[in-house]
Amino acid sequence: MGRAGAGPPFDGPVMDGDLATLAWLIELGADEAIGDVAVDRFALAATAAPVVAARPTAPLPAATATPQVAGNPPTLPAAALADAHGLAAGAADLSALRDAMAAFDGCALKLGARSLVFADGLPGAHVMIVGEAPGREEDRAGLPFVGRSGQLLDRMLAAIGLDRRAEDPARAVYITNVLPWRPPENREPSSDEIAMLKAFLVRHIALAAPRVLFLMGKTAAGTLMETATGITRLRGTWTQVLGRPALPTLHPAALLRNPVQKRLAWADLLALRAHLDGASP
């Protein structure tokens, strides 16, 4: 376990200053510098042309407006939702499920993504990890958790004897996300997107048939546990999801933003290890 007071074994060097800021901007998807000289927006405002008031326009007909009432569930196209459920239910194996997801056109995220990010690791592994959505590196590679978050995840798994490249189901993991396509600018998934694609995730879990689910982050935990409770309150407590033991934990991206929380993630990893070893419910 290391010296008293030491961090978890997957902890690594933390960058600071401008380098850390640059790394974080790259992680968010920034890939181009607009200019090498700062723009004084206040000076621009002082010399800007006067604003001409727009001519008032007639209001839209009531039939074209969609009222937004707080607390209402997301409104989804019924045909697309039925199509998603039908395609998911008709998939007899993981290969067929991947083909079904690739053929589904009911989610606009597909139009802006490079890749369908389906899964990685060993089908049939005892542990199935569910994350949120692909990021930029995942979209490029077509695999989940391959960017900085994925590198941290690999170190976390290695700390308890697991490896996504292992061929033994007891040591391997199988990894997927709630969404298979990258949201623009790595934004959080919307409730409509989650509801539209949840049938595929549920079918994915059934076909992969893991013994344990490891839910990384609030999107994965909230989607499968059907709760709006924050992940810091959910993490570390075993629950049942789709008839399987499930343990919510913090997403590696959150640990990169707030390294002090690695201590909590380490406690969750130890709980997962104990469960796999038969020493936990």
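In what follows, the structure referred to is the one given above.
Model, not experiment: these values are computed from the prediction.

Moving on to the pattern of salt bridges. Applying the stated rule across the entire model yields 11 salt bridges. Between arginine 273 and aspartate 277 there is a salt bridge; the shortest N-O distance is 3.0 Å. Looking at arginine 273, the relative accessible area reads 21%, which means it is partly exposed. Through salt bridges with shared partners, a single network forms among Asp120, Asp154 and Arg164.

Let us now look at empty space enclosed by the protein. Throughout the structure, instances matching the rule amount to one cavity of 30 Å³ or more. Of all the secondary structure elements, the ones that give two or more residues to the lining of the largest cavity are β3 (173-177) and α8 (191-208). Along the lines of polarity and charge, the residues of the lining of the largest cavity split into six nonpolar, three polar and no charged.

Ranked by internal contacts, the top residues of the largest apolar core, which has 65 residues, are Ile129, Phe200 and Leu215. For this core, the element with the highest residue contribution is α8, accounting for eight residues. Dropping the residues within four chain positions of it, leucine 215 is found in contact with Val130, Ala220, Ala221, Leu224, Met225, Val241, Ala246, Leu247, Pro248 and Thr249.

Within a regular strand, side chains alternate between the sheet's two faces. Of all six residues that make up strand β6 (residues 244-249), five are buried, and the element is covered over most of its length. As paired strands, strand β4 (residues 212-216) and β6 are joined by four bridges and run parallel to one another. Bridge pairing in β6 places methionine 216 opposite threonine 249. For strand β5 (residues 239-241) and β6, the ladder comprises three bridges, and the chain directions are antiparallel. In the sheet register, threonine 239 faces β6, and the bridge partner there is alanine 246.

What the six strands build is an open sheet, ordered β1-β3-β2-β4-β6-β5; its pairing is mixed. Every other strand in the sheet has two partners, leaving β1 (120-121) and β5 as the edge strands with one partner each. Pairing between strand β2 (residues 127-131) and β3: five bridges, direction parallel. Note on β3: the bridge partner recorded for valine 130 is threonine 176. Set on the sheet, helix α12 (residues 262-276) makes contact with β2, β4 and β6; between it and β6 the angle comes to about 165 degrees.

Turning our eyes to something else, we now look at helix α4 (residues 94-103). Since the α-helix advances by 3.6 residues per turn, residues separated by three or four positions end up pointing in the same direction. Buried within α4 we find Leu94, Leu97, Ala100 and Met101. Buried residues of α4, seen end-on, are gathered within an arc of 115 degrees and therefore sit on one face of the element. Packing partners of the buried residues in α4 comprise α3 (78-90), β3 and α8. A side-chain oxygen of the first residue of α4 lies 3.3 Å from the backbone nitrogen of serine 95; this N-cap is aspartate 93.

Thresholds, definitions, all that
- Residues numbered from 1 in each chain as written.
- Predicted model: local features only at pLDDT ≥ 70, side-chain atom pairs only at ≥ 80, totals over all residues.
- Heavy atoms only, no water.
- Salt bridge = Lys/Arg side-chain N within 4 Å of Asp/Glu carboxyl O.
- Buried < 20%, exposed > 50% of the residue type's maximum accessible area, 1.4 Å probe, protein only.
- 1 Å grid on protein atoms, 1.4 Å probe; cavity = no way out; pocket = protein on both sides within 12 Å on 5 of 7 lines; lining within 4 Å.
- Points joined across faces, edges and corners; volume = space filled by probe spheres on them.
- Helix = DSSP H or I, 4+ residues; strand = E, 2+ residues; numbered from the N terminus.
- Nonpolar A, V, L, I, M, F, W, Y, C, P; charged D, E, K, R; others polar.
- Core = buried A, V, L, I, M, F, W, Y, C linked by side-chain atoms within 4.5 Å.
- Contact = heavy atoms within 4.5 Å.
- Pairing = 2+ DSSP bridges.
- Axes fitted to C-alpha atoms, helices over the stretch in contact; angles between N-to-C directions.
- Arc of directions from axis to C-beta.
- Polar contact = N/O pair within 3.5 Å; in protein donor to acceptor, adjacent residues only side chain to side chain.

From the geometry alone we can't say anything about function, so treat these as descriptive.
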